[in-house]
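Structure at a glance
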Amino acid sequence: MEIGDNRLHDIQEMLLQWYLENQRDLPWRRHSNAYYTLVSEIMLQQTKVATVIPYFERFIKRFPTVYDLADASDDDVVKLWEGLGYYSRARNLHAAIKEVVATYDGVIPNEKEKISKLKGIGPYTTGAVLSIAYKQKVPAVDGNVMRVFSRLFDMEDDIAKPATRKKMEAIAEQIIPDRSPGDFNQALMELGATVCTPKSPECLFCPIRNFCKGYQAGREHILPIKTKAKAPKKASVIMFGVKWNNKLLVQKRPSSGLLANMWALPTENRMEEMPYISQIEEYCEMNQYSAKISEDVYRFEHIFSHRHWKIILISMELSENPVYLPKRSIWVDEQSVLEFAFPKVYQKALEQLGYRN
DNA sequence: AACACGGGGAG
DNA sequence: CTCCCAGTGTT
């Protein structure tokens, strides 16, 4: 990719000026603080700004500095992430900040080799923190930037391929100005998020329309090229609504895999080779529950981006306090279940379990 | 290189 | 409903 010197300079100036005038007022932009930058960038991975704002406010209020976060329990950190998705981000961020306090005296490192070794900080977040917080000339190529470049240079590379991100980074290296590299990176992402959008880009409001090869070719609508994701894998699960004394039994999920470490209604993979009634009876026997099992079950579905769950919800009212509880389990009021991860599922589940929402 | 890992918004 | 969005770690 070759860009003429004049055109390059104009693109830089137009973008920086546009960003200066049009940037959104966001909580993490109000102070210059590497910790704020890091937390917001982790939260913004795969997640829209509007979704992140309330989570960021709450997180920083609870953990104002790296020391507060480093001292926190895993449970407290994960609790503040409930509903945000991709929960390994919370685990990794916690580990990274502990490392910052233990090894770097509480200062997020400003060297690429050091910061990129921290948990959960890959090439994008490395570039974002180094450029935004430390004013270094390092690319931060996210999906927005790849979309903008695809159109700006009329590129047909498949942005779903890992190799394409490398190519985009090489282009970014050539384009980032010495002055305000952080603002320039944010300008590219802001443009992608608000003007150069995936569908119906608003080219008439674009500050670099006149330099855009894709726009000139009338191809902005078909760019970027991106192969479709595979359909979610199907799975069947049984979800247990175990009630006693007006409380609901919830269980902390395993520390790896889907919804790792999240509180949830006890859920088992369906054993396809036996009737589901038998599996439910087996579950009750294993836990020594003496229970009245409701005769009808409630069936519904939930689709994650990569998994499609068919859920059988079974309700059971225990007739006595069980002698022991299953591992990682506690009794809670039904209201607290709505704060858990995947609240939409629990909203449906609670209605079926006879609770009024 | 392929897969696992959530949840929200637009049309 | 259907489609789209997409960083990092693991295998």
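By the naming in an unreviewed UniProt entry, chain A goes by Adenine DNA glycosylase and is assigned to Shimazuella alba. In UniProt, chain A has this text filed under Catalytic activity (unreviewed entry): "Hydrolyzes free adenine bases from 7,8-dihydro-8-oxoguanine:adenine mismatched double-stranded DNA, leaving an apurinic site." The record held by UniProt for chain A lists under Sequence similarities (unreviewed entry) the comment "Belongs to the Nth/MutY family."

Here we come to the side chain of glutamate 41. Relative to the assigned elements, glutamate 41 resides in helix α2 (residues 34-43). Summary of buried charges: glutamate 41 has no salt-bridge partner, and the nearest side chain of opposite charge, arginine 29, is 7.1 Å away. Excluding its chain neighbours within four sequence positions, the residues that come into contact with glutamate 41 are Tyr124, Thr125, Ala128 and Ile132.

Within the largest apolar cluster, 65 residues are counted, with the highest numbers of intra-cluster contacts made by Tyr35, Met43, Phe59, Trp81, Leu93 and Tyr346. Looking at this core, the element that brings in the most residues is α2, giving 7 residues. No fewer than three residues from each of domain 1 (5-216) and domain 2 (233-352) sit in this core. Once residues lying within four places of it in the same chain are set aside, the contact partners of methionine 43 are Val52, Tyr55, Phe56, Phe59, Trp81, Leu84 and Arg89. Ile11, Ile175, Leu191 and Cys206 belong to the second-largest nonpolar core, a separate cluster that totals 36 residues.

What follows concerns the UniProt feature "domain: HhH-GPD" (unreviewed entry) in chain A. UniProt records the feature "domain: HhH-GPD" (unreviewed entry) for residues 43-194 in the present numbering. For the annotated span residues 43-194, helix accounts for 64% and strand for 0% of the residues, and the straight-line distance between the end C-alpha atoms is 18 Å.

Next up on the list: the protein's contact with DNA strand B. If you check the shell around DNA strand B, you find 19 residues, and the closest are Gln46, Tyr87, Leu259, Ser305 and Arg307. When the atoms of DNA strand B within 4 Å of the protein are sorted by group, sugar and phosphate make up 64%. Measuring from a sugar or linking oxygen of DNA strand B, one finds a backbone N or O atom of glycine 83 at 3.4 Å. The contact in question runs from a phosphate oxygen of DNA strand B to an N or O atom on the side chain of tyrosine 87, over 2.4 Å. Within the surface near DNA strand B, the residues separate by chemical class into 8 nonpolar, 8 polar and 3 charged.

The rules behind the values
- Residues numbered from 1 in each chain as written.
- Chains lettered and ligands numbered in written order.
- Predicted model: local features only at pLDDT ≥ 70, side-chain atom pairs only at ≥ 80, totals over all residues.
- Heavy atoms only, no water.
- UniProt positions renumbered as here; feature names shortened; annotations may be inferred.
- Helix = DSSP H or I, 4+ residues; strand = E, 2+ residues; numbered from the N terminus.
- Buried < 20%, exposed > 50% of the residue type's maximum accessible area, 1.4 Å probe, protein only.
- Lys, Arg positive; Asp, Glu negative; His and termini not counted.
- Salt bridge = Lys/Arg side-chain N within 4 Å of Asp/Glu carboxyl O.
- Contact = heavy atoms within 4.5 Å.
- Core = buried A, V, L, I, M, F, W, Y, C linked by side-chain atoms within 4.5 Å.
- Domains from an automatic or database assignment.
- Near = heavy atom within 4 Å.
- Polar contact = N/O pair within 3.5 Å; in protein donor to acceptor, adjacent residues only side chain to side chain.
- Nonpolar A, V, L, I, M, F, W, Y, C, P; charged D, E, K, R; others polar.

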